[in-house]
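Examining the three-dimensional arrangement
Here is how the chains run, residue by residue.
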Amino acid sequence: QVQLVESGGGLVQAGGSLRLSCAASGRTFSRYTMGWFRQYPGKEREFVAAIGWSGSTYYADSVKGRFPISRDNANNMVFLQMHSLKPEDTAVYSCAAMRTGTPNNAYEYDYWGQGTQVTVSA
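Bear in mind that the values here come from a model prediction, so they are computed numbers and not experimental data.

A word on the state of the cysteines. Within the structure shown, the criterion is met by 1 disulfide. In this model, Cys22 is linked to Cys95 through a disulfide, with the two sulfur atoms separated by 2.0 Å. For the disulfide bridge between Cys22 and Cys95, the dihedral angle about the S-S bond is near 50°, and by the sign convention the bridge is right-handed. One end of the pair, Cys22, is in strand β3 (residues 18–25); the other, Cys95, is in strand β9 (residues 91–98), and 73 residues separate them in sequence. For Cys22, a relative accessible area of 0% corresponds to the buried category.

Here it is in structure tokens:
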């Protein structure tokens, strides 16, 4: 019932910024917790940030203070504003939607986008 499409990835120098966007289709978007995850080659998805339907936010320690998450329910959008990017932030970033569960647990999310590549050069 939910389709997710990410955009905004690209190549940026260390210290720069990118804003990732996730466009969602679905009549019940506002009732879902929305999360951002990243994945390194050969590794499992790693939690980055999430925002609940009530507006509560959750962050991985590695990005707290750098990657604020926000959502615009009226336009079915969720954003990840990435600042002070580091080479270790290089990964495929995916957005996901969850009806109910633990915000940082990838296995509990119900829908996933295809991902967008973020590459940070030194």
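From this point, the discussion proceeds with the structure in view.
Before going further, it helps to examine the packing of aromatic side chains. With the rule as written, the count across this model stands at 5 aromatic pairs. With a centroid separation of 5.6 Å and an interplanar angle of 70°, the aromatic rings of Phe37 and Phe47 are classed as edge-to-face. Within this pair, whereas Phe37 is found in strand β4 (residues 33–39), its partner Phe47 is found in strand β5 (residues 46–51), the two being separated by 10 residues in sequence. Residue class for Phe37 comes out buried when judged on its relative accessible area of 0%.

With that settled, consider the pattern of salt bridges. Considering all chains together, one arrives at 5 salt bridges under this definition. A salt bridge links Glu46 to Arg38; its shortest N-O distance comes to 2.8 Å. In this structure, Asp110 and Arg99 form a salt bridge, with 3.6 Å as the shortest nitrogen-oxygen distance. Taken as a pair, Asp110 in the loop between β9 and β10 (111–112) and Arg99 in the loop between β9 and β10 lie far apart in primary sequence, 11 residues in all.

On to the side chain of Asp89, then. Of note, Asp89 is situated in the loop between β8 (77–82) and β9. Side chain to side chain, Asp89 and Arg38 meet in a polar contact 2.9 Å long. Leaving out residues up to four positions away in the same chain, Asp89 has contacts with Arg38, Arg66, Phe67, Ser84, Val118 and Val120.

Before going further, it helps to examine the environment of Thr57. Looking at the element boundaries, Thr57 is found in strand β6 (residues 57–59). Given a relative accessible area of 36%, Thr57 falls into the partly exposed group. Here the alpha-carbon distance between Thr57 and Ser70, two residues 13 residues apart in the chain, equals 8.3 Å. Other than its neighbours up to four places away in sequence, Thr57 contacts Ala50, Ile51 and Ile69.

It is worth spelling out the sheet that holds strand β1 (residues 3–7) at this point. With respect to topology, 4 strands assemble into an open sheet ordered β1-β3-β8-β7, the strand pairing being antiparallel. Single-partner strands in this sheet number two, and they are β1 and β7 (69–72). With direction set aside, neighbouring strand axes in the sheet form an average angle of 20°. Where β7 lies against β8, 4 bridges are found, and the strand directions are antiparallel.

The rules behind these values
- In this numbering scheme, every chain counts its residues from 1 along its sequence in written order.
- Under the rules for a predicted model, residues below a pLDDT of 70 receive no local features and side-chain atom pairs below 80 are neither given nor counted, while totals for whole chains, interfaces and linings still include all residues.
- Side-chain numbers here rest on the full set of heavy atoms in the structure, without hydrogens or water.
- By disulfide we mean two sulfur atoms from cysteines, separated by a distance within 2.5 Å.
- A run of H or I in DSSP becomes a helix once it reaches four residues, and a run of E becomes a strand once it reaches two; helices and strands are each numbered from the N terminus.
- Buried means the residue's accessible area, taken with a 1.4 Å probe over protein chains only, is under 20% of the maximum for its type, while exposed means over 50%, and partly exposed covers the values in between.
- A pair of Phe, Tyr and Trp rings is counted when the ring centres sit within 6.5 Å of each other, with Trp represented by its six-membered ring. The angle between the planes then sorts it: under 30 degrees is stacked, over 60 is edge-to-face, the rest tilted.
- Here, a salt bridge means any Lys or Arg side-chain nitrogen found within 4 Å of an Asp or Glu carboxyl oxygen.
- Pairing of N or O atoms within 3.5 Å defines a polar contact, subject to two protein rules: one partner must be a possible hydrogen donor and the other a possible acceptor, and residues neighboring in sequence count only if both atoms are side-chain atoms.
- Residues count as neighbours in contact if any of their non-hydrogen atoms are within 4.5 Å of one another.
- Here a strand pair is declared whenever DSSP counts at least two bridges between the two strands.
- Orientation is described by axes fitted as lines to C-alpha atoms, over the contacting stretch for helices, and by angles from 0 to 180 degrees between their N-to-C directions.

In short, the description is geometric, and any link to function would need to be established separately.
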